[in-house]
Structure formats: structure tokens, C-alpha cells
Protein chains: 2
Amino acid sequence: MTADLPLLDNPRSERVRQVTALGRRAVRRRTGRFLVEGPQAVRELLVHACDHAESVYLTAEAADRHADLVEEAAAGRVRLQHCTPQVLAAMADTPHPQGVVAVAREVGVDAARALEAAGRSGYVVLLANVRDPGNAGTVIRGADAFGAAAVLVSDASVDVYNPKVVRSTVGALFHLPVSTGTPLPDLLRLCKEAGLRLLAADGTGQTMLPDADLSTPHAWVLGNEAQGLGEDVLRACDQAVAVPIVRVESLNLAMAATVCLHASAAARRSA
Amino acid sequence: MTADLPLLDNPRSERVRQVTALGRRAVRRRTGRFLVEGPQAVRELLVHACDHAESVYLTAEAADRHADLVEEAAAGRVRLQHCTPQVLAAMADTPHPQGVVAVAREVGVDAARALEAAGRSGYVVLLANVRDPGNAGTVIRGADAFGAAAVLVSDASVDVYNPKVVRSTVGALFHLPVSTGTPLPDLLRLCKEAGLRLLAADGTGQTMLPDADLSTPHAWVLGNEAQGLGEDVLRACDQAVAVPIVRVESLNLAMAATVCLHASAAARRSA
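Values in this document were obtained by computation on a predicted structure and should not be read as measured data.

Participant: What is the right way to read the sheet that holds strand 7 (residues 150-154) of chain A from this model?
Facilitator: Backbone hydrogen bonds are what pair the strands of a sheet, in a parallel or an antiparallel way. Residues and elements named next belong to chain A. With parallel pairing, the seven strands of this open sheet are ordered in space as 8-7-6-11-9-12-10. A single partner strand is all that each edge strand has here, and the edge strands are strand 8 (178-182) and strand 10 (207-208). Bridging between strand 10 and strand 12 (residues 239-242) involves two bridges; their strand directions are parallel. Across the sheet, the residue bridging to Thr 207 is Val 241, located in strand 12. Sheet contacts for helix 8 (residues 133-145): strand 6 (123-127), strand 7 and strand 11 (218-222); angle to strand 6, the most-contacted strand, approximately 175°.

Participant: I keep staring at the relation of the copies chain A and chain B and nothing clicks. Help me out?
Facilitator: Relating the two copies of this chain is a rotation about some axis coupled with a shift parallel to it. Superposition record for chain A on chain B: RMSD 0.0 Å, screw rotation 180°, translation along axis 0.0 Å. The superposition of one copy onto the other is thereby described by a two-fold rotation axis. Relative to the rotation axis, the closest C-alpha in chain A is found at A:Val259, a distance of 2.8 Å. Both copies share a contact surface, since 100% of the interface residues of chain A are interface residues in chain B too.

Participant: What is the right way to read the interface of chain A and chain B from this model?
Facilitator: Accessible area lost during the coming together of the parts is what is often quoted as the interface size. Of the residues lining the interface, 26 residues belong to chain A; the matching set on chain B comes to 26 residues. The largest share of the area that chain A buries against chain B comes from A:Arg141, A:Arg247 and A:Met255, three residues that together contribute 26% of it. Joining chain A to chain B, the criterion identifies zero salt bridges. Inspection of the region where chain A meets chain B yields two residue pairs in polar contact (both at pLDDT 80 or more). Elements supplying a minimum of two residues to the side of chain A that touches chain B: helix 8 and helix 12 (253-270) of chain A. Of the residues belonging to the side of chain A that touches chain B, the class tally is 14 nonpolar, eight polar and four charged.

Participant: What is the right way to look at the pattern of salt bridges in this model?
Facilitator: Proximity of charged atoms lets side chains of opposite charge pair with each other. Residues and elements named next belong to chain A. A complete count under the given rule lists 22 salt bridges over all chains for this structure. Two residues, Arg 43 and Asp 68, come together in a salt bridge whose shortest N-O distance is 2.6 Å. Of the two residues, Arg 43 is situated in helix 3 (residues 39-48) and Asp 68 in helix 5 (residues 67-75); the sequence distance between them amounts to 25 residues. The class of Arg 43 is partly exposed, set by a relative accessible area of 26%.

Participant: Would you mind showing me how to read unusual backbone geometry here?
Facilitator: Note on backbone geometry: most residues besides glycine have negative phi, and most peptide bonds are trans. Residue and element names in this part refer to chain A. One non-glycine residue with positive phi stands out, namely Arg 77, at about 55°. Note on placement: Arg 77 falls in the loop between helix 5 and strand 4 (79-83). Phi at Gln 98 is positive, roughly 55°, even though this residue is not glycine. Along the chain, the position of Gln 98 falls in the loop between helix 6 (85-91) and strand 5 (100-105). When its relative accessible area of 53% is taken as the criterion, Gln 98 is described as exposed.

Participant: What should I look at first to understand the packing of helix 8 (residues 133-145) of chain B against helix 12 (residues 253-270) of chain B in this one?
Facilitator: All names here are of chain B. Contact pair helix 8 / helix 12: the axes reach a minimum separation of 9 Å and the direction vectors enclose 10°. With respect to each other, helix 8 and helix 12 are oriented roughly parallel. Counted together, Asn 135, Thr 138, Val 139, Gly 142 and Ala 143 of helix 8 and Leu 253, Ala 254, Ala 257 and Leu 261 of helix 12 form the full contact between these two elements. Counted by class, the contact of helix 8 with helix 12 contains six nonpolar, three polar and no charged residues.

Participant: I tried to follow the environment of A:Glu44 on my own but got confused; where do I start?
Facilitator: Residue and element names in this part refer to chain A. Relative to the helices and strands, Glu 44 resides in helix 3. Classification of Glu 44 by relative accessible area gives buried; the value is 16%. When the C-alpha atoms of Glu 44 and Leu 69 are compared, they prove to be 9.8 Å apart, with 25 residues separating the residues in sequence. Those residues within four positions of Glu 44 in sequence are excluded, and the remaining contacts are Ala 49, Val 170, Gly 171, Phe 174 and His 175.

Participant: Which parts of the structure should I look at to understand the sheet that holds strand 6 (residues 123-127) of chain B?
Facilitator: Residues and elements named next belong to chain B. One open sheet holds the seven strands; their spatial order is 8-7-6-11-9-12-10, and the pairing between them is parallel. The sheet is open, and its two borders are formed by strand 8 (178-182) and strand 10 (207-208), each paired with just one other strand. Pairing geometry for strand 9 (residues 197-201) and strand 11 (residues 218-222), over four bridges, is parallel. The residue bridging Leu 199 from the neighbouring strand is Trp 220, located in strand 11.

Participant: Explanation requested: the confidence of the model for chain A in the structure shown.
Facilitator: Detailed reading of the predicted coordinates is not advisable wherever pLDDT is low. Taken over all residues, the pLDDT of chain A has a mean of 92, while the share at 70 or more is 97%. For this predicted complex, the interface score ipTM comes out at 0.89, while the overall pTM is 0.91.

Cut-offs and rules
Residues numbered from 1 in each chain as written. Chains lettered and ligands numbered in written order. Predicted model: local features only at pLDDT ≥ 70, side-chain atom pairs only at ≥ 80, totals over all residues. Heavy atoms only, no water. Pairing = 2+ DSSP bridges. Helix = DSSP H or I, 4+ residues; strand = E, 2+ residues; numbered from the N terminus. Contact = heavy atoms within 4.5 Å. Axes fitted to C-alpha atoms, helices over the stretch in contact; angles between N-to-C directions. Least-squares fit on C-alpha atoms with pLDDT ≥ 70 in both. Buried area = accessible area lost by both parts, 1.4 Å probe. Salt bridge = Lys/Arg side-chain N within 4 Å of Asp/Glu carboxyl O. Polar contact = N/O pair within 3.5 Å; in protein donor to acceptor, adjacent residues only side chain to side chain. Nonpolar A, V, L, I, M, F, W, Y, C, P; charged D, E, K, R; others polar. Buried < 20%, exposed > 50% of the residue type's maximum accessible area, 1.4 Å probe, protein only. Parallel < 35°, antiparallel > 145°, perpendicular 65-115°, else oblique. pLDDT = per-residue confidence, 0-100.

This is how it looks when you write it as C-alpha cells:
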């Protein structure tokens, strides 16, 4: 197992500092780069978005255990760098990166381009000022699992390149178009112009999920965890749809979204 | 707004230490007590399981903002203790307990008793060595939302009284019977004896969720995040059921469980 470059062994070196700094949003924004941690996410990056992969850092132990990553990186001419466990720990956001991190260039596409895919394959997911990294990542993962055409993330939402979001998507970020940086009103307008019906996922919605028509192109609009969707957004939507529940007042955002996206996938299968 | 007792203002006092110590499993096990943090969870405790509530600790600000908690505690004769924000921070496991924590006595019931409810209302959820606190909490919350009769937690699973689990359930722990401490093989046997069909939620299952018969009493068996369900457990189950997904290899445990439990609730509605 050989690396392209000599062993990186100084956790305080400038190179390591530059990678570590990608944990901060300002640095990600300035450089257009972000961190991908753990073998599964790095594998998805190399397999599905190799042209966005810049460098892969891994310990000798991880290189032995994940020989496929070494091969994928070589095949994709991605810079491969062996480093000590101390260096890897200094770079990573998580305490247990399992010996592998990568630096990638942002994978986002603009909203109009993300929406081009929707006409063909049915539905998109719109994150309307979702703030929790775990929720955002889980929704992106669900969008991927249940065949959404794209995910549109409003500019006031959590940064999807936040390491916590990237981790929660477990590579889904590299599978489907994800658009970031557009204000919410513009996203709503673009969806309408693309002919999508806007369905607000809303625990107080009048339409129950089993009664919602999911057979035509639509966008699931998912709101902020604390405030939900504002009046303006609800007015802009064609329908407010609730997941029927038996006992508690509300599911969390990721749970409600998972059920809604699963229903969209089921509607597509039966169409 | 008056409290029963004088202001607690020394974060190093023995009383505060005893509460803080409930963050440790060994102490919870020895005392049979656990921490409940944040106004929503404490409210659910007082409203739904008041006889298990021992003490409520809150800051003056939280007492003003959540007057209902003060009233509920008084009505239930639960000891109410005002404390400084420093004391509250020392007690809580979370960095933002929003000014309220409570100490409660374990709410668990034994497995046989939890299963008595299943005959009537259709289905239970069995956590088979689930280790991640967030997943366990989310599943308990989903079980509550989607009307499960009970949750059975195998003895090798995460401690449901772990503060992270309690937080993720957002009070659901106080709504439905939760059984802990029974070994997995005994839980599987008890479910069978209670006449429940055992459905393994398994991404590689042969039966797709829409084809599974959820109209008769059943138990969803949910496995460990890393290892899934072992061969022994799969053999003990009547059917292995997969959530149909389009693109990625697996949903996380909580997402798959949410979709399965939603399907069980839907089957009960249409029955």
C-alpha cells in the first residue's frame, strides 16, 4: 500500500491546520471546500462525485482495511496522503473518523438546474430554514433513499457542508443534486414555475398524508424545527399535509419527512 | 411564584452532586432514579407519570415562563425546588436544559405486563440490542406517535434512562409501557407466547413493507445499528420485512423504524 506523498505526521503543520479549519463555515465559504469523514462517506464521494474530491487522508491501518478507497482514489487521480492517527484526529470534526477523511469541493448546483430533474422524476424536497444539522442530513439521506429528484436548501438553513450534516447524509449528498444559497421566496417561486405543487409538511395541516395526491410532480416543503413553516410560506403552498399520528403532538422534522418521502416513493411505484 | 424549599445556590452541594450523578448508568441502576431535562419532557412527566416524579428543579426565569409546570408539580405534590442557573447547569446533562430538570423514578414495567396491552391494540416494538441513544429515543417517540401498545427493550440495548435517550423521546417514555432488562431470547419467546407475529425490520428482507400483513397483532423487531439482527434472531422471526428504497443501501434504524411503525398505524386505521 503506497501513498502518493510522504507520511504526514505533524498535527500542527500548516497543511493539517488548513484541513481542520474546514470545520468553520467562514473557511468553507471562502475556500469552497468541505470535510468528508469516515470510510463510507469518502467511498461515496470517490464513487459518485470523484471530480469533486481533492484529497484523501488516511492512516496506515485504514489504508489496509479499506483498500478499495486507495484504489478508487488512484483511479480518480485524487491526491492520497497517509498520515498518523494524531494528524487524522486533528483534522476531523468527529472524535471517531475511523481513520479516513477527505477534502472535497462543494457539490451544489443552482436551484434552476436542480429543478430540471424534477420534471422527469417526480418530486423534490425543499428545506425551508431547517437549522438542525442532524435533521438536514437525515432528510437529504431520505430524499436519496426515496428517489427525490433534488434537494433545495434555503439560504437561511444550516450549511449542508457542516461536518455534522455531511456525516448524517452518509454519502447521499453525492448522489442527488443539492442546491444551496437561494432565498426561500425564490425557491418557492422557482418550484411553482417548474410546475411543481407545493406541499407543506405541517402537523396541523388539513390534508392527511394518505389523502394527498402524490402522483403528480410536487415539492415537499419542510420547515424550521422550532417555528415550523411561517404564515407566508404556508400561504405560498398549495396544500398543508399532516402525517396521521395517534398519540403525541408532533413527530420531529426528520421523522415526518421520512414518512412523507416514503409516501411519494410509494406513489411513484404505483403510478 | 413560590417554591416549597429555599433557593438552591451551591453547585457543589451534596444535593446537586446527587442529581448530577444520575448522568451515570451505575448510579441510575443503584438508585432507580433518572434525569428528565427541559420543559417539554418535564411537563409530560408531570401530566402522564406524576407518581414517578420525585423533584422538579427550576430557575426563577423558567418558573415564570412555565407556570403550568409549577402548578402541575404542586397539584401532584411533587417537590419543587428553585435553583440558580449555575446549579441547574451543574445538574443537567445537556448544555441547554432551558432552566428545568426533574428527577424521576424508573417508569419501566415488566415485559409480560407490557405485552398484555398488545393483544388489545395491535402491535409492539422490540429493540434488539439497539445501542445508539438517539435511535432508541426516536423509536420510542415513533412508537408513541404511531400507537404501539408497548416498547420492549432487550437488556443489551442502550439504557433508556440515559439522558440522551430521555431527551430524544421528548416525553414519549411517559406515555406508553416500556419494558427493560429482559434478555432478547426471552423477549422473543414472550412475544410469540402472546400470539404476536415477529416481523424483523431488515433492509435485506424478502418481504417488502407494502406486502407485509400488518392487520394482525405483531412485533417489530429492530436490530443493532452496526450488526443488524443476528442469524438467530432472524430465524426466530416469522418474516423479514424491508422498506422499499430507490437509491441507497440502507436507511438508518430510526428512519426505517419510523416508516414501519407508520405502516402499522395505517393498517390499524383501515382495519
